[in-house]
Amino acid sequence: MTATSTVAAKRALRSRRPPVMATLLLLLCLLAAAMLASATIGAANIPFHRLWPALGIGPTDASVIARDKLVLFSIRLPRLACAAMIGAMLAMAGALMQGLFRNALADPALVGVSSGGAFAAALTIVITDTLLAGSPYFTLDLLPVAAFAGSLVTTFALYRIASSAGRTSVAIFLLAGLAIAALANAGIGLLVFVADDRQLRDITFWLLGSLSGATWTKAAMLAPVLIAMLMAAPALARPLDLLVLGEAEAFHAGVAVERIKRIAIVLISAMTGASVAVCGVVGFVGIIVPHLLRIVIGPGHRLLLPASALLGAVLMVAADSCARVIAAPAEVPIGILTAAVGAPFFLVLLLRQRALVSL
């Protein structure tokens, strides 16, 4: 294929893509629709015609709406807020990591931050439940703090391992993340072995992921991390686009490569750690969302990052709604649903990449 025909093919591909702003508007509408539908779904259903009065819009019947308001503002809305923010952060972390590693198959879980947070949470469940059994001071509110602390410790260890003489090696960072993830998983396996039946159930539910414990306090903890990423996204977009060409080329184009690496690594770890702290381990969101959007709107990070936030939020809200419906009144762990969708998609990506390499 000649250079002229290659350029023509790329132009034809771009011409077939939908308008970017239309895509973002569509994703925003999908998110609004998913959240409205999810607000009516659960063990205590709220019919759609009672949703607006419960939100304070339109005429109300106090005898009926009081229960709906309690369910909506105490349980349903904080859960929706956490689901949307976690989905947005995991998807943006995936897009950021794929741009940094120049690999469409990269995932935030690869750096070991999720495993580090999960190990800290499992350790907290076993130790505090054993030492403080029956104590009124022990509550599940300690788990998010422990998981976030474990994620921060993992991030610090990874950064120290990968940094030398003021430079950060992305390859060493990734390999060290795989090693730390293996160690954390071994520790989790040991804790599962020594845990009793109740502790084992708590650990398993945490590792599979769930939003059943979402509160406004946890939503407030997630919000600053997401806001920081959204504020940093415009400044990171151009450097990430140039990094696709290689670090040397990006440096000669005026990109402070080491500084961008440090910022991206901190943001990826913060978003992944905050997500694990609130809902446990949820995988594959960081792979599915950015890759789909690259096909639809292209690889430019200026639009890819906000689009990933919207589609990630839609995916997480939809998955949480399904988790509440499939086995109602019980809940299916949300990590099972994302893995059931994400694993086949990941295999398709691998097969597609193998086919491209063989050409």
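What you see is a predicted model, and the numbers here were worked out from it, not measured in a lab. Residue numbers restart at each chain and count upward from 1, following the sequence in its written direction. Where local features are concerned, this predicted model is filtered to residues with pLDDT of at least 70; where side-chain atom pairs are given and counted, the filter is 80 or more; whole-chain, interface and lining totals use all residues. To get the side-chain values, all heavy atoms of the structure are used, and hydrogens and water are removed first.

### A closer look at the pattern of salt bridges
Rule in force here: Every case where a carboxyl oxygen of Asp or Glu lies within 4 Å of a side-chain nitrogen of Lys or Arg is listed as a salt bridge. Secondary structure elements follow DSSP: runs of H or I of four or more residues count as helices, runs of E of two or more count as strands, with numbering from the N terminus. Buried, partly exposed and exposed residues are distinguished by accessible area as a fraction of the type maximum, computed with a 1.4 Å probe on protein chains only: under 20%, between the cut-offs, and over 50%, respectively.
Counting across every chain of the model gives five salt bridges. Its salt-bridge partner being Asp 320, residue Arg 79 comes within 2.8 Å of it at the nearest N-O pair. Of this pair, Arg 79 sits in helix H4 (residues 62–101) while Asp 320 sits in helix H13 (residues 301–325), and the two are 241 residues apart along the sequence. Here Arg 79 falls in the buried class, since its relative accessible area comes to 5%. Taking the relative accessible area as the measure of exposure, Asp 320 reaches 1% and is therefore buried. Put simply, Lys 261 and Glu 247 hold a salt bridge, and the shortest N to O gap is 3.0 Å. Of the two residues, Lys 261 is situated in helix H11 (residues 257–279) and Glu 247 in helix H10 (residues 247–252); the sequence distance between them amounts to 14 residues. What emerges from the salt-bridge pattern is a single network uniting Arg 79, Asp 320, Arg 324 and Glu 331.

### A word on the packing of helix H12 (residues 285–297) against H13
Keep this limit in mind: Only the stretch in contact is used when a helix axis is fitted, and all axes are lines through C-alpha atoms; the angle between N-to-C directions ranges over 0 to 180 degrees. Throughout, the term roughly parallel applies to angles under 35 degrees, roughly antiparallel to angles over 145, roughly perpendicular to angles from 65 to 115, and oblique to all others. When the near helix sits turned anticlockwise from the far one by under a right angle, the crossing is termed left-handed; a clockwise turn instead gives a right-handed crossing. A contact between two residues is defined here by any heavy atoms of the two lying within 4.5 Å. Gly counts as polar in this scheme, as do all residues outside two lists: the nonpolar Ala, Val, Leu, Ile, Met, Phe, Trp, Tyr, Cys and Pro, and the charged Asp, Glu, Lys and Arg.
With their axes 9 Å apart at the nearest point, H12 and H13 run at an angle of 130 degrees to one another. In terms of their interaxial angle, H12 and H13 are classed as oblique. Where H12 crosses over H13, the handedness of that crossing is right-handed. Facing H12, whose interface residues are Val 285, Val 289, Pro 290, Leu 293, Arg 294 and Ile 297, H13 presents His 301, Leu 303, Leu 304, Ala 307, Ser 308, Leu 311, Gly 312 and Leu 315. The class makeup of the residues in the contact of H12 with H13 is ten nonpolar, three polar and one charged.

### Describing the confidence of the model for the protein
Our working rule: Values of pLDDT, which run from 0 to 100, indicate the predictor's confidence residue by residue.
This prediction gives the protein a mean pLDDT of 81; 86% of its residues lie at or above 70. Within the protein, H13 carries the highest mean pLDDT (92), whereas helix H1 (residues 3–16) carries the lowest (48). Counted against residues more than four places away or in other chains, residues 5–10, with its pLDDT under 50, gives one contact.

### A short note on a nonpolar patch on the surface
Cut-off, in case you're wondering: Candidates for patches are residues over 30% relative accessible area with no salt bridge; among them, like charges are joined within 9 Å and nonpolar side chains (Val, Leu, Ile, Met, Phe, Trp, Tyr) within 5 Å. Areas reported here follow the Shrake-Rupley algorithm with a probe of radius 1.4 Å; residue values treat only the protein chains shown as occluding.
On the surface, Leu 36, Phe 48, Trp 52, Leu 55, Ile 57 and Phe 73 cluster together into a nonpolar patch covering about 510 Å² of accessible area. One can find Leu 55 in the loop between helix H3 (48–54) and H4.

### Looking at the state of the cysteines
Put simply, the rule is: Cysteine sulfurs are considered disulfide-paired once they come within 2.5 Å of each other.
Inspection of every chain in the model, using the stated rule, returns zero disulfides. The cysteine Cys 82 is free of any disulfide, with Cys 279 supplying the nearest cysteine sulfur at 8.7 Å.

### Brief notes about unusual backbone geometry
With a phi angle near 75 degrees, Phe 284 is a residue other than glycine that sits in the positive phi range. Tracing the backbone through its elements, the reader meets Phe 284 in the loop between H11 and H12.

### Focus: the side chain of Thr 272
Worth spelling out the cut-off: Polar contacts, as counted here, are pairs of nitrogen or oxygen atoms within 3.5 Å of one another; within protein the pair requires one atom able to donate a hydrogen and one able to accept it, and residues that are adjacent in sequence qualify only if both atoms are side-chain atoms.
For Thr 272, the position within the fold is in helix H11. On the basis of relative accessibility, which here comes to 0%, the residue Thr 272 falls in the buried class. Looking at Thr 272, its side chain comes within polar contact range of the main-chain oxygen of Ile 268, at 2.8 Å. The residues touching Thr 272, leaving out its near neighbours within four places in the chain, are Ala 93, Pro 108, Val 113 and Ser 114.

### Observations regarding the packing of helix H6 (residues 142–162) against helix H7 (residues 170–194)
One way to put it is that H6 packs onto H7 with a least axis distance of 9 Å and a crossing angle of 135 degrees. By the angle class used here, H6 and H7 are oblique. For the crossing formed where H6 meets H7, the hand is right-handed. On H7, the residues touching Thr 154, Ala 157, Leu 158, Tyr 159, Ile 161 and Ala 162 of H6 are Ile 172, Phe 173, Ala 176, Gly 177 and Ile 180. Split by residue class, the contact of H6 with H7 holds nine nonpolar, two polar and no charged.

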